Amino acid sequence: MRIIRPNFQQFMEQPRIIENSPLARLARLKLGAPNVAMVLGRSIHLSGVSREEFLRDPFWVAHEMEHIRQFEQYGRLGFLVRYLRDWARYGYYNIPFEVAAREAAERNAALYAQGRPLPGSAERHPTPKAG
């Protein structure tokens, strides 16, 4: 397994955060989730959650930042084609990009905690398991 180290310069560049995104709303409805964050390029689209709520969960932020890294690695079309193909093959929870983002969240959450203690599992955003 190849370990991909985060690009620390990327942590200095703030992604654009879009609240009440119609695209994230569609994803939220598809997943049956109460709230969703999704990445397109360097933008994080939110539905059912405010910017402040999202930023309070460093695991969730680290997860979405990994998707930004993936977008940068594979390009918009390459990422989207792989993501949708793998969703059809494996179901949402087992998409390799999602597996990698969950691993990155565990590995990198402290980078986004802004000096606060990491939240316990009860305070973290739950990962949708729907297909």
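Below you will find a few notes about this structure. What you see is a predicted model; the values in this text were computed from it and never measured. (Residues numbered from 1 in each chain as written. Predicted model: local features only at pLDDT ≥ 70, side-chain atom pairs only at ≥ 80, totals over all residues. Heavy atoms only, no water.)

Remarks on the packing of aromatic side chains
Here is step 1: Enumeration according to the criterion identifies seven aromatic pairs in this entry.
Here is step 2: Centre to centre, the rings of Y83 and W87 are 6.1 Å apart; their planes meet at 80°, and the pair counts as edge-to-face. Here the residue Y83 and the residue W87 both occupy positions in helix α4 (residues 58-90), the gap between them amounting to four residues, near one helical turn.
Here is step 3: Put simply, the rings of F71, Y74, F79, Y83, W87, Y92 and F97 pair up and form one aromatic cluster.
Here is step 4: One residue, R124, lies across the ring of F59, its end atom 3.6 Å from the ring centre. (Phe/Tyr/Trp six-rings, centres within 6.5 Å; stacked < 30°, edge-to-face > 60°. Helix = DSSP H or I, 4+ residues; strand = E, 2+ residues; numbered from the N terminus. Lys NZ or Arg CZ within 6 Å of the ring centre and 35° of its normal.)

Here's the deal with the pattern of salt bridges
Here is step 1: All chains considered together, the criterion is met by four salt bridges.
Here is step 2: For R85, the salt bridge identified is with D86, shortest N-O distance 3.0 Å.
Here is step 3: Looking at D86, the relative accessible area reads 6%, which means it is buried.
Here is step 4: Notably, a salt bridge pairs E106 with R124, separated by 2.5 Å at the nearest N-O pair. Placement of E106 in helix α5 (residues 96-108) and of R124 in the segment after α5 is noted, with a sequence separation of 18 residues between them.
Here is step 5: You can call R124 partly exposed: its relative accessible area is 25%. (Salt bridge = Lys/Arg side-chain N within 4 Å of Asp/Glu carboxyl O. Buried < 20%, exposed > 50% of the residue type's maximum accessible area, 1.4 Å probe, protein only.)

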